[in-house]
Amino acid sequence: MKPSEQRKASRKVLHWKRWLWKLGLLGSIVAAAFFLIYLSELNEKVQQQFAGKRWALPTSVYGRPLEIYPGMRIGMKDFLYELSFMQYQPAHRIKIPGDYQKHRTTIELKTRPFSLEDNTEPSRHLRLRFDAQRLISITDLSTQKPVDILQLNPPLIGRFYPKHGENRVLVQLQDVPETLVEMLVATEDRKFYEHIGIDVFAILRATLTNLKEMRVVQGASTLTQQLVKNFFLTRAQTLQRKIEEACMALLLEWHYEKEEILEAYFNEVYLGQDGEHAIHGVAQASYFYFGRPLQELQLHQQALLVAMLKGPSQYNPRRFPKKALKRRNLVLSMLVSTTTIDEGLLVHASEQSLGIVEKPHSSQTPFPSFLALVKRQLLEEYAEADLQSEGLQVFTTFDPQFQRKMERAIDKKLKQLEASYRIKSKTLEVASILTNTNNGEVLAMVGGRNFRFPGFNRVLDAKRPIGSLIKPVVYLAALSEAKGYHLMSLLDDSSLEMVVNGKKWRPQNYDRKFHGNVPFYQALAHSYNLPSIRLGLEVGLDKVQQALQQLGFQRTVEFFPSSLLGSVEMSVFEVAKLYAPLASGGFFTPIQTIRSVATHEGIPLKRYPLAIEHTLDVVPVYLLNVALKSVIEEGTGRKLKKILPAHLDVAGKTGTTNDLKDSWFAGYTGDRLAVVWLGKDNNQSTKLTGSSGALAVWGEIIKSIPSKSLQLHQPENVEWLTVNQDSGALTEEQCPNAIRVPFTRDSRPTELQPCPELVTEQVQPIEVVKEKPLQTPVSKAPVKSPSPKSLDNEQGWGIFQWLKGLFE
């Protein structure tokens, strides 16, 4: 080639080189720009997700803290159940909070410290002494002094989970044991405090090793990269994801301190599966595998958590205990030369068992009915999204002891009823609620025969005709009217026929009999239908409906004559609300499950103090309660006298619907209100009345729990008089058919009916006494009259006082 041609060719080559260089430079600039944009997007993603709310946290729901004191009615078995429910562990030696030892008549334990509202309880080393039924004494073993009263930490009873199903308890790095931090760093990333998010030398080493073996045998991910992969990215094994992981690890280290990254790792790491809920974070894993808070874990238990990081399924200690033990001991052996942990402690830890609990507390609440009510009440003030993400702590009124005894009583009686009445096994359904009459707190609740089933909640959602449970509302409306009704007013119990909606209606009493003129209280006690219908119609359906609303029934329903016999449909919860003002003497207290709500950090958000509203006149409520006590003394509820202790006075009402489809009982003691419904989901007959079915279950529940006898507070305008049981006229106390009945001073009888059976020189005084059950004296023999001197000392009305009052 000629020189000129060579120069020309050289210039062309140079020209193309310059263009290629320019294109390369431009391409590099464009690539760099795109990479910077890409990094900027990753940076924004890192900062937005990591700086904001990092996790959706479930709402944790707690029962009431157990308050214990000498003399408390709780046996050793019941107390041990409470300890197991709070995840206390039996131990050979009491070392840490949550340990206990059981002896023949004593329990030694170390309580867990906790703070709840204004109460702070430190950890204490205690000895509790029991007899068969009661806690006898509490001794603080550190001071050898007796303890008068203390509270144990409230037990966790359930959670409301995020939609993705992650179960997590947040922990701050300062609350993670230092030995666990050392184990993690020594095992997973020894250069954690030195690298900038990625370990270049580890990457090169792993690459060479994997190429040599022609398979992946070694990883090089730092703790930061592991956190990025779990927190930000998917588990897809692609080159793009690996690049994103490395870049985001660098960005994360650029913006945040090592301590923040480590804390996030401890809260994010996946450590197994509890049914449909994933176990995330070492704090939740501590509860799931060991039944303890993270701070209580011993060295060998901490090592097991670190060992499981390599593969939570592969080293699941419940499924593969040998593999888990081998991996844990390998972790402990790796720590000998790489940590400050004493070698002797590591050797001792390697000699221990896995230390896990056999059966963890399930993520599914064992009390779905109660949790459903809690959630409904929370949703009145909180959005559902908040309940699934904010990690709220909800402290409730739930009592595990009462729940356990209610479940046992129901299970026992349903089996007996099905056997006695030849009902097909397991076809009877049940709904029941137990509350405190003093403050309206729900103590226990059963929404169906399968206590653990989280489906249809019959306490809240099954609306059934309530039968004769409506009658107290009718009688309250009458007693509240200014028509002079009192407990001895005679009601007509004869044949009745009327036209309702163009059709003849002939209601009957349950016994298909007529009883003539019946005293007011007896018509209610024996649940006679015909007097109740006449009474309701005379008072007015609108007045009965008004009384229903005053008692707390909020739904609007049409009222017909048949409504007076209980065609109105209600849920068990609505019936409990209806009877609560009667149980509290005329005061309305909302039925509630929640005492307080706090953030996941324990900062109080809201308290729910006792709220009492005086909605009813106490006088008619008092008179009605006397009549409802007579239901138990002589009426449809008299079977309870064979079930309950003789000293326990109660009031209540049975309810039965057509064809025996529903069996009801609502009743109360001095401090407990319970409602029980029995029925069938297919709406077939149960073969049970309220008396033969629900009442028997109710009695079994109340018999099993501590309750105070019902003592009614007599209003000033009420006095007890001795009257003739048949006529209602005033009479002598010694008459064979004399009973004591309370009256208002406006409605007291004025007629005096002598007692011809008594041959005495003096007329007997008509005595005013404090409240007692309506009852005819057992003895019918004449009683000698008091002397004139004793008449002057009578607390009530003498004959002279009665005559004086008559003319006044």
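Further up the page is the structure itself.
What counts and what doesn't
Residues numbered from 1 in each chain as written. Predicted model: local features only at pLDDT ≥ 70, side-chain atom pairs only at ≥ 80, totals over all residues. Heavy atoms only, no water. Disulfide = S-S within 2.5 Å. Helix = DSSP H or I, 4+ residues; strand = E, 2+ residues; numbered from the N terminus. Buried < 20%, exposed > 50% of the residue type's maximum accessible area, 1.4 Å probe, protein only. Pairing = 2+ DSSP bridges. Axes fitted to C-alpha atoms, helices over the stretch in contact; angles between N-to-C directions. Contact = heavy atoms within 4.5 Å. Salt bridge = Lys/Arg side-chain N within 4 Å of Asp/Glu carboxyl O. Phe/Tyr/Trp six-rings, centres within 6.5 Å; stacked < 30°, edge-to-face > 60°. Lys NZ or Arg CZ within 6 Å of the ring centre and 35° of its normal. Parallel < 35°, antiparallel > 145°, perpendicular 65-115°, else oblique. Nonpolar A, V, L, I, M, F, W, Y, C, P; charged D, E, K, R; others polar.

Participant: Teacher, can you tell me more about the state of the cysteines here?
Facilitator: Covalently bonding the sulfur atom of one cysteine to the sulfur atom of another cysteine gives a disulfide. Going through the model one piece at a time under the given rule, you end up with one disulfide. Sulfur-sulfur distance for the disulfide between Cys735 and Cys755 comes to 2.2 Å. Of this pair, Cys735 sits in the loop between β32 (718-724) and β33 (738-744) while Cys755 sits in the loop between β33 and α24 (788-792), placing them 20 residues apart in sequence. Considered together, Cys735 and Cys755 belong to a single accessibility category, that of buried residues.

Participant: Sorry, what's going on with the sheet that holds strand β17 (residues 429-436) here?
Facilitator: Paired through their backbone hydrogen bonds, the strands of a sheet run either parallel or antiparallel. Pairing within the open sheet is antiparallel, and its five strands lie in the order β18-β17-β31-β30-β29. At either margin of the open sheet sits one strand with a lone partner, and together these are β18 (442-446) and β29 (651-656). Averaged over neighbouring strand pairs, the angle between their axes works out to 5° when direction is ignored. In the sheet, strand β30 (residues 662-668) pairs with strand β31 (residues 672-679) via seven bridges, with the strands oriented antiparallel. From the neighbouring strand, Trp664 faces β31, where its bridge partner is Trp677. Helix-sheet contacts for helix α14 (residues 400-420) involve β17, β18 and β31, and the interaxial angle to β18 is about 35°. The strands touched by helix α21 (residues 618-634) are β29 and β30; relative to β29, the strand with the most contacts, the crossing angle is about 65°.

Participant: What is the right way to read the pattern of salt bridges from this model?
Facilitator: If charged atoms from side chains of opposite charge come close, those side chains can pair. In the structure shown here, the tally under the stated rule is 32 salt bridges. Between Lys258 and Glu253 there is a salt bridge, with its nearest N and O atoms 2.9 Å apart. For the residue pair Lys258 and Glu253, the accessibility class agrees, reading buried in each case. Arg745 is the salt-bridge partner of Glu719, the closest N and O atoms lying 4.0 Å from each other. Highlighted residues: Glu719 in strand β32 and Arg745 in the loop between β33 and α24, separated in sequence by 26 residues.

Participant: Explanation requested: the pairing of strand β1 (residues 59-62) in the structure shown.
Facilitator: Look at any regular strand and the pattern is simple: side chains alternate between the two faces of the sheet. In β1, alternate side chains face the same way, and those of Thr59 and Val61 on one face and Ser60 and Tyr62 on the other are all buried. Summarising the sheet, β1 and strand β12 (residues 156-160) pair through four bridges and their orientation is antiparallel. Across the sheet, residue Val61 finds its bridge partner in β12, namely Gly158. Note: β1 against strand β16 (residues 393-396), three bridges, orientation parallel. Counterpart to Val61 in the pairing with β16 is Val394.

Participant: I would appreciate a short explanation of the packing of aromatic side chains in the present structure.
Facilitator: The way to describe two aromatic rings as a pair is by their centre distance and the angle between their planes. Inspection of the entire model under this criterion finds twelve aromatic pairs. Ring centres of Tyr62 and Phe395 lie 5.2 Å apart, and the angle between their planes is 20°; on these two criteria the pair is classed as stacked. Of this pair, Tyr62 sits in strand β1 while Phe395 sits in strand β16, and the two are 333 residues apart along the sequence. Given a relative accessible area of 18%, Tyr62 falls into the buried group. For Phe395, a relative accessible area of 11% gives the class buried. Pairing Phe367 with Phe398 gives two aromatic rings, centres 4.6 Å apart and planes at 45°, and the pair type is tilted. Of this pair, Phe367 sits in the loop between α11 (343-350) and α12 (368-378) while Phe398 sits in the loop between β16 and α14, placing them 31 residues apart in sequence. As far as burial versus exposure is concerned, Phe367 and Phe398 are alike and both buried. Members of the aromatic cluster, joined through ring pairs, are Tyr81, Phe85, Phe367, Phe370 and Phe398. Residue placement shows Lys323 over the ring face of Phe320; its charged tip is 5.3 Å from the ring centre. Above the ring of Phe160, the side-chain terminus of Lys375 is found at 5.6 Å from the ring centroid.

Participant: I keep staring at the sheet that holds strand β14 (residues 270-274) and nothing clicks. Help me out?
Facilitator: In spatial order, the strands read β13-β15-β14; together these three strands make up an open sheet with mixed pairing. The open sheet has two edge strands with one neighbour each: β13 (166-168) and β14. On average, adjacent strands in this sheet sit at an angle of 30° to one another, irrespective of strand direction.

Participant: When you look at unusual backbone geometry in this model, what are you seeing that I'm missing?
Facilitator: Residues apart from glycine generally show negative phi values, whereas peptide bonds are mostly found in trans. Even without glycine at this site, Lys426 takes up a positive phi of about 65°. Here Lys426 is to be found in the loop between α14 and β17. At Ser527, a position not held by glycine, the phi torsion is positive, near 55°. Looking at where Ser527 falls in the secondary structure, it is placed in the loop between α17 (520-525) and α18 (529-539).

Participant: How should the packing of helix α3 (residues 178-188) against helix α7 (residues 258-268) be read in this particular structure?
Facilitator: Two packed helices can be described by the angle between their axes and the distance between those axes. Where α3 meets α7, the axes come as close as 12 Å, and the angle between the chain directions of the two elements is 90°. Compared by their axis directions, α3 and α7 come out roughly perpendicular. Here α3 contributes Leu180, Val181 and Leu184 to the contact with α7, which in turn contributes Leu262, Tyr265 and Phe266. The residue inventory of the contact of α3 with α7, partitioned by class, reads six nonpolar, no polar and no charged.

Participant: Would you mind showing me how to read helix α8 (residues 282-290) here?
Facilitator: For an α-helix the count is 3.6 residues per turn, leaving residues at separations of three or four pointing the same way. With eight of nine residues buried, α8 lies mostly within the body of the structure. Within the span of α8, buried status applies to Val282, Ala283, Gln284, Ala285, Ser286, Phe288, Tyr289 and Phe290. Positive backbone phi, approximately 65°, marks Gly291, located one or two places after α8.

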